[in-house]
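# Residue-level structure breakdown
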Amino acid sequence: MRKCLLQNQNKLFDQISSFASLYIPVETTGGNASFKKYEQGMVMSDVLKTDRSPKDLFFPQTENLMEFKTSGKNIEVIDNRKESEDFVVFGVRGCDVKSFEVLDRVFLVEPVDTYYATRREHGIIVSMACGRPAETCFCQTFGIDASAPEGDIVCYKTEDALYLDAKTEKGKNLLSKLADVTEESDGKEALKQKEQIKTVLAKLPLANLKADSFGKDKTKEFFDAPEWQILSKSCLGCGTCTFVCPTCQCYDIKDFKTKDGVQRFRCWDSCMYSEFTKMSAGQPRLTQLERFRQRFMHKLVYYPTNNDGLFSCVGCGRCISKCPISMNIVKVMKALGGIDNE
Ligand code: SF4
Ligand code: SF4
(Lines give C-alpha, C1' and ligand atoms only; values in the text may rest on other atoms or scores of the structure.)
(Ligands and ions follow the chains in the order given, each with its own letter.)
Protein backbone atom coordinates (compact mmCIF):
# COMPACT_ATOMS: atom_id res chain seq x y z
CA MET A 1 0.00 0.00 0.00
CA ARG A 2 1.18 3.56 -0.76
CA LYS A 3 0.57 6.66 1.32
CA CYS A 4 0.27 10.26 0.19
CA LEU A 5 0.15 12.97 2.86
CA LEU A 6 -2.83 15.26 2.37
CA GLN A 7 -0.47 18.22 2.14
CA ASN A 8 0.83 16.54 -1.04
CA GLN A 9 -2.59 15.66 -2.45
CA ASN A 10 -2.44 18.30 -5.16
CA LYS A 11 1.08 17.20 -6.10
CA LEU A 12 -0.41 13.72 -6.59
CA PHE A 13 -3.18 15.16 -8.78
CA ASP A 14 -0.69 17.32 -10.73
CA GLN A 15 1.42 14.23 -11.34
CA ILE A 16 -1.53 12.17 -12.61
CA SER A 17 -2.80 14.98 -14.83
CA SER A 18 0.67 15.31 -16.40
CA PHE A 19 0.10 12.01 -18.25
CA ALA A 20 -3.69 11.44 -18.20
CA SER A 21 -6.90 13.43 -17.90
CA LEU A 22 -7.98 13.35 -14.28
CA TYR A 23 -11.53 13.75 -12.96
CA ILE A 24 -12.22 14.42 -9.28
CA PRO A 25 -15.38 15.28 -7.30
CA VAL A 26 -15.51 19.05 -6.85
CA GLU A 27 -17.97 21.05 -4.76
CA THR A 28 -20.51 23.01 -6.75
CA THR A 29 -23.30 24.93 -4.99
CA GLY A 30 -25.33 24.23 -1.86
CA GLY A 31 -22.94 21.56 -0.62
CA ASN A 32 -23.33 19.48 -3.79
CA ALA A 33 -20.50 18.04 -5.86
CA SER A 34 -19.86 16.72 -9.34
CA PHE A 35 -16.95 15.14 -11.20
CA LYS A 36 -14.88 17.75 -13.02
CA LYS A 37 -11.69 17.62 -15.05
CA TYR A 38 -8.84 18.47 -12.71
CA GLU A 39 -7.04 21.76 -13.11
CA GLN A 40 -4.11 22.83 -10.96
CA GLY A 41 -5.21 23.89 -7.47
CA MET A 42 -8.66 22.27 -7.58
CA VAL A 43 -9.81 20.84 -4.26
CA MET A 44 -11.27 17.33 -4.06
CA SER A 45 -14.67 17.36 -2.35
CA ASP A 46 -15.38 15.09 0.61
CA VAL A 47 -19.09 15.07 -0.22
CA LEU A 48 -20.25 11.47 -0.07
CA LYS A 49 -22.30 11.41 -3.24
CA THR A 50 -21.88 13.52 -6.33
CA ASP A 51 -25.22 14.75 -7.73
CA ARG A 52 -24.64 12.79 -10.89
CA SER A 53 -22.66 9.59 -10.84
CA PRO A 54 -19.35 9.07 -12.69
CA LYS A 55 -21.38 7.07 -15.25
CA ASP A 56 -21.38 10.28 -17.30
CA LEU A 57 -17.65 9.85 -18.02
CA PHE A 58 -18.22 6.46 -19.66
CA PHE A 59 -21.73 6.96 -21.03
CA PRO A 60 -22.26 10.72 -21.52
CA GLN A 61 -25.72 12.27 -21.36
CA THR A 62 -25.31 13.63 -24.88
CA GLU A 63 -22.88 12.32 -27.42
CA ASN A 64 -22.31 13.14 -31.07
CA LEU A 65 -21.77 9.61 -32.36
CA MET A 66 -21.03 10.39 -36.00
CA GLU A 67 -21.68 12.67 -38.91
CA PHE A 68 -22.70 12.00 -42.47
CA LYS A 69 -21.55 14.47 -45.11
CA THR A 70 -23.25 14.34 -48.48
CA SER A 71 -21.89 15.55 -51.77
CA GLY A 72 -23.91 14.60 -54.84
CA LYS A 73 -24.40 10.84 -54.64
CA ASN A 74 -21.51 10.38 -52.18
CA ILE A 75 -21.89 9.99 -48.43
CA GLU A 76 -18.88 10.41 -46.15
CA VAL A 77 -19.16 8.87 -42.67
CA ILE A 78 -17.18 10.79 -40.04
CA ASP A 79 -16.37 9.03 -36.77
CA ASN A 80 -16.28 11.70 -34.04
CA ARG A 81 -14.93 9.67 -31.14
CA LYS A 82 -11.90 11.04 -29.31
CA GLU A 83 -11.62 8.77 -26.29
CA SER A 84 -8.42 6.99 -27.17
CA GLU A 85 -6.31 8.34 -24.30
CA ASP A 86 -6.15 7.09 -20.73
CA PHE A 87 -8.11 8.95 -18.09
CA VAL A 88 -8.37 8.57 -14.34
CA VAL A 89 -11.52 8.98 -12.26
CA PHE A 90 -10.51 9.59 -8.64
CA GLY A 91 -12.83 9.23 -5.64
CA VAL A 92 -15.53 6.88 -6.97
CA ARG A 93 -17.69 5.44 -4.18
CA GLY A 94 -18.24 1.70 -3.85
CA CYS A 95 -21.84 1.80 -5.11
CA ASP A 96 -20.83 3.74 -8.22
CA VAL A 97 -17.95 1.34 -8.93
CA LYS A 98 -20.42 -1.54 -8.81
CA SER A 99 -22.68 0.29 -11.28
CA PHE A 100 -20.03 -0.28 -13.95
CA GLU A 101 -20.58 -4.03 -13.67
CA VAL A 102 -24.27 -3.42 -14.38
CA LEU A 103 -23.47 -1.20 -17.37
CA ASP A 104 -20.80 -3.62 -18.66
CA ARG A 105 -23.39 -6.38 -18.91
CA VAL A 106 -25.44 -4.16 -21.19
CA PHE A 107 -22.84 -2.40 -23.30
CA LEU A 108 -20.04 -5.00 -23.51
CA VAL A 109 -22.11 -7.96 -24.69
CA GLU A 110 -22.62 -8.56 -28.41
CA PRO A 111 -23.15 -6.30 -30.21
CA VAL A 112 -20.52 -4.43 -28.19
CA ASP A 113 -21.05 -0.70 -27.80
CA THR A 114 -17.62 0.40 -28.98
CA TYR A 115 -18.03 3.96 -27.64
CA TYR A 116 -18.55 2.68 -24.10
CA ALA A 117 -15.97 -0.11 -24.53
CA THR A 118 -13.23 2.35 -25.53
CA ARG A 119 -13.88 4.46 -22.46
CA ARG A 120 -13.88 1.43 -20.16
CA GLU A 121 -10.61 0.29 -21.70
CA HIS A 122 -8.96 3.66 -21.15
CA GLY A 123 -10.61 4.63 -17.86
CA ILE A 124 -8.79 3.91 -14.58
CA ILE A 125 -10.97 3.95 -11.48
CA VAL A 126 -9.63 5.03 -8.12
CA SER A 127 -12.38 4.24 -5.64
CA MET A 128 -12.84 5.90 -2.25
CA ALA A 129 -14.00 4.11 0.89
CA CYS A 130 -16.99 5.92 2.44
CA GLY A 131 -15.74 7.51 5.67
CA ARG A 132 -19.24 8.70 6.57
CA PRO A 133 -21.99 6.70 4.82
CA ALA A 134 -25.32 8.57 4.69
CA GLU A 135 -28.71 7.61 6.09
CA THR A 136 -29.99 7.17 2.52
CA CYS A 137 -27.29 4.59 1.67
CA PHE A 138 -28.25 0.92 1.30
CA CYS A 139 -25.48 -0.55 -0.84
CA GLN A 140 -25.25 -3.43 1.68
CA THR A 141 -28.65 -4.64 0.45
CA PHE A 142 -26.93 -5.54 -2.81
CA GLY A 143 -23.79 -7.04 -1.28
CA ILE A 144 -21.57 -3.97 -1.72
CA ASP A 145 -19.02 -3.19 0.97
CA ALA A 146 -18.50 0.59 1.23
CA SER A 147 -15.47 -0.04 3.46
CA ALA A 148 -13.74 -2.08 0.74
CA PRO A 149 -14.91 -0.84 -2.66
CA GLU A 150 -13.83 -2.40 -5.93
CA GLY A 151 -11.76 -0.41 -8.45
CA ASP A 152 -8.31 -0.37 -10.02
CA ILE A 153 -6.99 1.35 -6.90
CA VAL A 154 -8.83 1.59 -3.58
CA CYS A 155 -8.23 4.78 -1.60
CA TYR A 156 -8.76 5.43 2.11
CA LYS A 157 -8.73 9.04 3.23
CA THR A 158 -7.81 9.70 6.87
CA GLU A 159 -7.26 13.02 8.64
CA ASP A 160 -3.77 13.44 7.29
CA ALA A 161 -3.25 11.08 4.35
CA LEU A 162 -4.56 9.12 1.39
CA TYR A 163 -3.80 5.39 1.43
CA LEU A 164 -3.74 3.80 -2.01
CA ASP A 165 -4.04 0.07 -2.60
CA ALA A 166 -3.70 -1.16 -6.22
CA LYS A 167 -6.06 -4.03 -7.12
CA THR A 168 -5.54 -4.49 -10.87
CA GLU A 169 -2.73 -4.26 -13.41
CA LYS A 170 -4.05 -0.87 -14.48
CA GLY A 171 -3.97 0.26 -10.86
CA LYS A 172 -0.44 -1.07 -10.25
CA ASN A 173 0.76 0.64 -13.38
CA LEU A 174 -0.75 3.96 -12.27
CA LEU A 175 0.72 3.69 -8.76
CA SER A 176 4.17 2.91 -10.17
CA LYS A 177 4.08 6.31 -11.88
CA LEU A 178 3.30 8.04 -8.59
CA ALA A 179 6.33 6.86 -6.60
CA ASP A 180 7.68 10.44 -6.24
CA VAL A 181 4.60 11.68 -4.44
CA THR A 182 3.78 8.59 -2.37
CA GLU A 183 5.63 6.44 0.14
CA GLU A 184 5.35 2.81 1.25
CA SER A 185 2.94 2.20 4.13
CA ASP A 186 1.95 -0.77 6.27
CA GLY A 187 -1.70 0.28 5.74
CA LYS A 188 -2.62 0.06 9.44
CA GLU A 189 -4.45 3.41 9.35
CA ALA A 190 -6.48 2.28 6.36
CA LEU A 191 -7.38 -0.93 8.16
CA LYS A 192 -8.47 1.09 11.20
CA GLN A 193 -10.71 3.24 9.02
CA LYS A 194 -12.16 0.15 7.38
CA GLU A 195 -13.28 -1.17 10.77
CA GLN A 196 -14.76 2.22 11.72
CA ILE A 197 -16.76 2.30 8.49
CA LYS A 198 -18.12 -1.19 9.16
CA THR A 199 -19.38 -0.02 12.55
CA VAL A 200 -21.18 2.95 10.95
CA LEU A 201 -22.63 0.77 8.17
CA ALA A 202 -24.18 -1.60 10.70
CA LYS A 203 -26.04 1.32 12.32
CA LEU A 204 -27.51 2.87 9.15
CA PRO A 205 -31.33 3.09 9.07
CA LEU A 206 -31.47 0.89 5.95
CA ALA A 207 -28.81 -1.57 7.14
CA ASN A 208 -31.32 -4.42 7.37
CA LEU A 209 -33.12 -3.82 4.10
CA LYS A 210 -33.12 -7.10 2.18
CA ALA A 211 -33.76 -7.71 -1.51
CA ASP A 212 -34.44 -11.43 -1.00
CA SER A 213 -38.10 -11.22 -2.08
CA PHE A 214 -37.01 -9.95 -5.50
CA GLY A 215 -34.66 -11.20 -8.17
CA LYS A 216 -34.65 -13.81 -10.91
CA ASP A 217 -37.92 -15.14 -12.32
CA LYS A 218 -40.23 -13.10 -10.07
CA THR A 219 -42.13 -11.41 -12.89
CA LYS A 220 -45.40 -13.26 -12.31
CA GLU A 221 -45.26 -12.60 -8.60
CA PHE A 222 -44.99 -8.81 -8.90
CA PHE A 223 -46.25 -7.74 -12.32
CA ASP A 224 -49.95 -7.47 -11.38
CA ALA A 225 -49.45 -6.49 -7.76
CA PRO A 226 -52.17 -4.02 -6.64
CA GLU A 227 -49.50 -1.91 -4.87
CA TRP A 228 -48.34 -0.42 -8.21
CA GLN A 229 -51.53 1.64 -8.34
CA ILE A 230 -50.90 3.54 -5.14
CA LEU A 231 -47.11 3.66 -5.54
CA SER A 232 -47.27 5.19 -9.01
CA LYS A 233 -50.19 7.53 -8.35
CA SER A 234 -48.20 10.68 -7.57
CA CYS A 235 -45.28 10.03 -9.95
CA LEU A 236 -44.76 13.13 -12.09
CA GLY A 237 -42.95 11.24 -14.84
CA CYS A 238 -40.14 13.81 -14.54
CA GLY A 239 -37.38 11.22 -15.07
CA THR A 240 -35.14 12.68 -12.33
CA CYS A 241 -34.71 9.25 -10.75
CA THR A 242 -33.40 7.81 -14.03
CA PHE A 243 -31.03 10.69 -14.74
CA VAL A 244 -29.32 10.55 -11.34
CA CYS A 245 -29.20 6.74 -11.30
CA PRO A 246 -25.74 5.25 -11.94
CA THR A 247 -27.19 2.10 -13.51
CA CYS A 248 -29.89 3.47 -15.83
CA GLN A 249 -28.77 2.99 -19.39
CA CYS A 250 -31.65 3.86 -21.74
CA TYR A 251 -30.95 6.19 -24.61
CA ASP A 252 -32.43 7.52 -27.81
CA ILE A 253 -30.67 8.20 -31.11
CA LYS A 254 -31.58 11.26 -33.11
CA ASP A 255 -30.41 12.57 -36.47
CA PHE A 256 -30.20 16.30 -37.12
CA LYS A 257 -29.95 17.67 -40.61
CA THR A 258 -27.15 20.13 -41.22
CA LYS A 259 -26.34 22.24 -44.30
CA ASP A 260 -24.43 19.44 -46.01
CA GLY A 261 -25.36 16.28 -44.14
CA VAL A 262 -26.57 14.79 -40.90
CA GLN A 263 -25.30 14.74 -37.30
CA ARG A 264 -26.21 11.70 -35.24
CA PHE A 265 -26.57 12.13 -31.46
CA ARG A 266 -27.13 9.68 -28.66
CA CYS A 267 -28.96 11.16 -25.64
CA TRP A 268 -30.08 9.57 -22.40
CA ASP A 269 -33.76 8.70 -22.33
CA SER A 270 -36.07 7.68 -19.50
CA CYS A 271 -38.59 4.86 -19.20
CA MET A 272 -40.59 7.30 -17.04
CA TYR A 273 -41.34 9.48 -20.09
CA SER A 274 -44.61 9.04 -21.96
CA GLU A 275 -42.86 9.03 -25.36
CA PHE A 276 -40.23 6.45 -24.37
CA THR A 277 -39.88 3.68 -27.01
CA LYS A 278 -42.77 5.16 -28.98
CA MET A 279 -43.03 3.47 -32.36
CA SER A 280 -45.06 4.01 -35.49
CA ALA A 281 -47.58 1.54 -34.06
CA GLY A 282 -47.90 3.65 -30.92
CA GLN A 283 -46.75 3.79 -27.33
CA PRO A 284 -46.11 0.43 -25.63
CA ARG A 285 -46.82 1.72 -22.10
CA LEU A 286 -49.83 3.98 -22.09
CA THR A 287 -50.10 4.84 -18.42
CA GLN A 288 -47.70 6.19 -15.79
CA LEU A 289 -48.42 3.06 -13.76
CA GLU A 290 -46.97 0.90 -16.55
CA ARG A 291 -43.95 3.18 -16.94
CA PHE A 292 -43.34 3.35 -13.19
CA ARG A 293 -43.65 -0.43 -12.91
CA GLN A 294 -41.20 -0.90 -15.78
CA ARG A 295 -38.46 1.08 -14.02
CA PHE A 296 -38.67 -0.82 -10.74
CA MET A 297 -39.34 -4.24 -12.25
CA HIS A 298 -36.27 -3.73 -14.41
CA LYS A 299 -34.07 -2.94 -11.41
CA LEU A 300 -35.42 -5.69 -9.17
CA VAL A 301 -36.67 -8.48 -11.44
CA TYR A 302 -36.00 -8.25 -15.20
CA TYR A 303 -32.31 -7.33 -15.01
CA PRO A 304 -31.47 -10.03 -12.41
CA THR A 305 -33.45 -12.54 -14.47
CA ASN A 306 -31.23 -11.83 -17.47
CA ASN A 307 -27.97 -11.34 -15.55
CA ASP A 308 -27.39 -14.25 -13.18
CA GLY A 309 -29.30 -12.67 -10.32
CA LEU A 310 -27.38 -9.36 -10.31
CA PHE A 311 -29.68 -6.47 -9.34
CA SER A 312 -29.48 -3.25 -11.31
CA CYS A 313 -29.71 -1.09 -8.23
CA VAL A 314 -26.55 -0.43 -6.21
CA GLY A 315 -28.22 1.31 -3.27
CA CYS A 316 -26.60 4.71 -3.87
CA GLY A 317 -29.70 6.46 -2.53
CA ARG A 318 -29.69 9.25 -5.13
CA CYS A 319 -33.30 8.58 -6.07
CA ILE A 320 -34.20 8.89 -2.37
CA SER A 321 -32.75 12.35 -2.07
CA LYS A 322 -33.70 13.70 -5.52
CA CYS A 323 -37.29 12.60 -6.31
CA PRO A 324 -39.56 15.66 -5.99
CA ILE A 325 -42.41 13.58 -4.50
CA SER A 326 -40.17 11.45 -2.26
CA MET A 327 -40.91 8.23 -4.10
CA ASN A 328 -38.01 5.80 -4.44
CA ILE A 329 -36.92 2.21 -4.80
CA VAL A 330 -36.80 1.62 -1.04
CA LYS A 331 -40.50 2.48 -0.71
CA VAL A 332 -41.25 0.16 -3.63
CA MET A 333 -39.27 -2.67 -2.05
CA LYS A 334 -40.95 -2.25 1.30
CA ALA A 335 -44.45 -2.07 -0.19
CA LEU A 336 -44.07 -4.99 -2.59
CA GLY A 337 -41.76 -7.23 -0.65
CA GLY A 338 -43.59 -6.81 2.65
CA ILE A 339 -40.26 -5.80 4.13
CA ASP A 340 -40.11 -4.65 7.69
CA ASN A 341 -36.94 -2.67 8.13
CA GLU A 342 -36.79 -3.11 11.92
S1 SF4 B 1 -40.40 8.45 -9.24
FE2 SF4 B 1 -40.00 10.60 -8.66
S3 SF4 B 1 -38.12 11.20 -9.76
FE4 SF4 B 1 -38.92 9.32 -10.75
S5 SF4 B 1 -40.19 10.06 -12.44
FE6 SF4 B 1 -41.59 9.75 -10.68
S7 SF4 B 1 -41.65 11.78 -9.68
FE8 SF4 B 1 -39.86 11.83 -11.07
S1 SF4 C 1 -32.44 2.97 -8.23
FE2 SF4 C 1 -31.97 4.69 -6.83
S3 SF4 C 1 -30.70 3.77 -5.19
FE4 SF4 C 1 -30.76 2.30 -6.91
S5 SF4 C 1 -28.89 2.74 -8.09
FE6 SF4 C 1 -30.58 3.93 -9.03
S7 SF4 C 1 -30.53 5.96 -8.02
FE8 SF4 C 1 -29.27 4.54 -6.78
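Notes on the structure in this doc start here. In this text, all values refer to a predicted model and were calculated from it rather than measured experimentally. (Residues numbered from 1 in each chain as written. Chains lettered and ligands numbered in written order. Predicted model: local features only at pLDDT ≥ 70, side-chain atom pairs only at ≥ 80, totals over all residues.)

## Focus on the site of ligand 2
The environment of ligand 2 is formed by 13 residues, the closest being Cys245, Cys313, Cys316, Arg318 and Cys319. Among the residues making up the shell around ligand 2, the classes are represented as eight nonpolar, three polar and two charged. (Near = placed C-beta within 6 Å. Nonpolar A, V, L, I, M, F, W, Y, C, P; charged D, E, K, R; others polar.)

## Points about the sheet that holds strand β5 (residues 74–79)
In sheet architecture, strand pairing relies on hydrogen bonds along the backbone and comes in two forms, parallel and antiparallel. The four strands are arranged β5-β4-β12-β11 in an open sheet whose pairing can be described as antiparallel. One side of each edge strand has no neighbouring strand; the edge strands of this open sheet are β5 and β11 (251–258). Adjacent strand axes in the sheet meet at a mean angle of 20° when their direction is disregarded. Pairing between strand β4 (residues 62–71) and β5: six bridges, direction antiparallel. The partner of methionine 66 across the bridge, within β5, is aspartate 79. (Pairing = 2+ DSSP bridges. Helix = DSSP H or I, 4+ residues; strand = E, 2+ residues; numbered from the N terminus. Axes fitted to C-alpha atoms, helices over the stretch in contact; angles between N-to-C directions.)

## As for unusual backbone geometry
Residue glutamate 110 is joined to proline 111 through a cis peptide bond whose omega torsion reads -5°. When you line up the elements, proline 111 lands in the loop between α2 (94–107) and α3 (114–122). Notably, threonine 277 is not glycine yet its phi reads approximately 55°, a positive angle. By the secondary structure assignment, threonine 277 is in the loop between β12 (261–268) and α9 (288–306).

## Some words on the environment of valine 154
Summarising the element assignment, valine 154 is placed in strand β8 (residues 153–157). Once you skip the residues sitting within four places of it in the chain, valine 154 turns out to touch Ser127, Ala129, Ala148, Pro149, Asp165 and Lys167. (Contact = placed C-beta atoms within 7 Å.)

## Considering the environment of glutamate 135
Note that glutamate 135 resides in the loop between β7 (123–128) and β8. C-alpha separation for the pair glutamate 135 and glycine 282, spaced 147 residues apart in sequence, amounts to 42 Å. Contact partners of glutamate 135, with chain neighbours within four places excluded, come to Leu204 and Pro205.

## Examining the site of ligand 1
In the region of ligand 1, the neighbouring residues are Cys235, Leu236, Gly237, Cys238, Gly239, Thr240, Cys241, Met272, Cys323, Pro324, Ile325 and Met327. The residue inventory of the shell around ligand 1, partitioned by class, reads nine nonpolar, three polar and no charged.

## A word on the sheet that holds strand β9 (residues 161–166)
With respect to topology, eight strands assemble into an open sheet ordered β3-β2-β6-β7-β8-β9-β1-β10, the strand pairing being mixed. Bordering the open sheet on either side are β3 (33–37) and β10 (183–184), each of which pairs with just one other strand. Two elements, β7 and β8, share three bridges in a ladder whose sense is parallel. Within β8, the residue paired with methionine 128 across the bridge is cysteine 155. This element, helix α1 (residues 9–17), spans β1 (2–5), β2 (21–27), β6 (87–93) and β9 of the sheet and lies at about 140° to β2. Strands β6 and β7 of the sheet are contacted by α2, whose axis makes an angle of about 120° with β6.

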